[in-house]
Amino acid sequence: MARNEAIIGLEVTQEKMKLVEMVTSPTGLEVTNFALVNLPPGGINLWGPRLRETLKALGFKAKKFNALVAYPSMESLELALPPMSKGDMKTAMAREARKDLKFPEEEVVSDYEIVGESEEKGVRRTEVLLGRANSKDIEEFLRMSKESGLRFNTFTVMPAALLNLIRMRGSTKEETLAVVHVGTSEGTVIMLHQGTIRFPRRFPLKVGGEAADMTVRLVAQVKQSLLYVKQKARGLEADKIIL
């Protein structure tokens, strides 16, 4: 089997830009290049030109990218719904996307993915991951994509990225996992049960300048999340925690 076309995975926050170039080889995914770039204040709106400069300086060869950009309006919601037709699902997701918005309803852009099915106490549920954002942020993303010189392939959210990462390591249906991603200013924790997302949650980390402060806050937030799931949500307990 020959290598596939190289692709870049890109994550942009307010302070940093992380990119990894990969190809699929006969032995699996192969990293061919990577970079971690500090961004200036307001960098989340300046990453396009900086990405172009980095690609040229470090010899990246990929021509397209998958992106995760932490715009303030970007949110992801996990929903457990009864089985329904595609038409009814589309209507339900449009309704859910308009709930509890912090910006005008006419500016919302949303999409969803069915990430699996589950069953609890004999009741089947369709597990859905809904992403939504302000259309102004999406327009800014498309503008930055154009300035980067790369072809935009997909846009994702952290819970979906973590789910795909764990699925790559093999079946998760026999265990309940807590998966934690630690960023520079915020963290994300998801629960995976029966192979699907059950509890995505974002939480702030940067409350002080010391690394020790962030460590204490990280441990406290993960404990709080696990306790909530066990006592209030669905009674789940993690068999493993993956950091």
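Predicted model only: the values in this text are computed from it and were never measured.

Caption draft 1: Representation of the packing of aromatic side chains. One pass over the full model with this rule turns up 6 aromatic pairs. Considering the side-chain rings of Trp47 and Phe141, the 5.9 Å spacing of their centres and the 35° angle between planes classify their relative orientation as tilted. One end of the pair, Trp47, is in helix H1 (residues 47-58); the other, Phe141, is in helix H3 (residues 135-148), with 94 residues separating them in the sequence. Side by side, Trp47 and Phe141 carry an identical accessibility label, which is buried. A centroid spacing of 5.0 Å and a plane angle of 80° characterise the contact between Phe141 and Phe152, whose relative ring orientation is edge-to-face. Note that Phe141 is positioned in helix H3 and Phe152 in strand E8 (residues 151-155), a separation of 11 residues in sequence. Owing to a relative accessible area of 2%, Phe141 belongs among the buried residues under this scheme. Three or more aromatic residues link up through ring pairs in this structure, and these residues are Trp47, Phe65, Phe141, Phe152 and Phe155.

Caption draft 2: Looking closely at the sheet that holds strand E5 (residues 75-81). Strand order in this open sheet of 3 strands is E5-E7-E6, and the pairing throughout is antiparallel. On the outer flanks of this sheet lie E5 and strand E6 (108-120), each paired with one strand and no other. The mean inter-strand angle of the sheet, taken between neighbouring strand axes irrespective of direction, is 20°. Here E6 runs beside strand E7 (residues 123-134); their pairing, made up of 12 bridges, is antiparallel. Within E7, the residue paired with Ser110 across the bridge is Arg132.

Caption draft 3: Looking closely at the packing of H1 against H3. One can describe the packing of H1 onto H3 by two numbers: an axis separation of 7 Å at closest approach and a directional angle of 25°. Taken together, H1 and H3 sit at an angle that is classed as roughly parallel. Between H1 and H3 lies a crossing whose hand is right-handed. Contact residues: Trp47, Gly48, Pro49, Leu51, Arg52 and Leu55 in H1; Phe141, Met144, Ser145, Lys146, Glu147 and Ser148 in H3. Within the contact of H1 with H3, the residues separate by chemical class into 6 nonpolar, 3 polar and 3 charged.

Caption draft 4: Molecular detail of the environment of Glu237. Topologically, Glu237 is positioned in the loop between helix H5 (211-233) and strand E13 (240-242). Those residues in contact with Glu237 that lie beyond four places of it in its chain are Thr176, Met191 and Lys230.

Caption draft 5: Layout of unusual backbone geometry. In the Ramachandran plot, Asp100 falls in the positive-phi region, its phi being about 55° despite a non-glycine side chain. By secondary structure assignment, the location of Asp100 is in the loop between helix H2 (86-97) and E6.

Caption draft 6: Layout of H1. With 12 residues, H1 ought to run about 16 Å at 1.5 Å a step, and its terminal C-alpha atoms sit 16 Å apart, in line with that. Residues of H1 that are buried: Trp47, Gly48, Leu51, Thr54 and Leu55. One side of H1 carries all its buried residues, which in axial view fall inside an arc of 125°. Summarising the geometry of H1, the exposed residues directed more than 90 degrees from the buried face are Glu53, Lys56 and Ala57. On its buried face, H1 is in contact with strand E1 (7-12), strand E2 (16-25), strand E3 (28-38), strand E4 (64-69) and H3. Positive backbone phi, approximately 75°, marks Gly59, located one or two places after H1.

Conventions adopted
- Residues numbered from 1 in each chain as written.
- Predicted model: local features only at pLDDT ≥ 70, side-chain atom pairs only at ≥ 80, totals over all residues.
- Heavy atoms only, no water.
- Phe/Tyr/Trp six-rings, centres within 6.5 Å; stacked < 30°, edge-to-face > 60°.
- Helix = DSSP H or I, 4+ residues; strand = E, 2+ residues; numbered from the N terminus.
- Buried < 20%, exposed > 50% of the residue type's maximum accessible area, 1.4 Å probe, protein only.
- Pairing = 2+ DSSP bridges.
- Axes fitted to C-alpha atoms, helices over the stretch in contact; angles between N-to-C directions.
- Parallel < 35°, antiparallel > 145°, perpendicular 65-115°, else oblique.
- Left-handed = near helix turned anticlockwise from the far one by under 90°.
- Contact = heavy atoms within 4.5 Å.
- Nonpolar A, V, L, I, M, F, W, Y, C, P; charged D, E, K, R; others polar.
- Expected span 1.5 Å × (residues − 1).
- Arc of directions from axis to C-beta.

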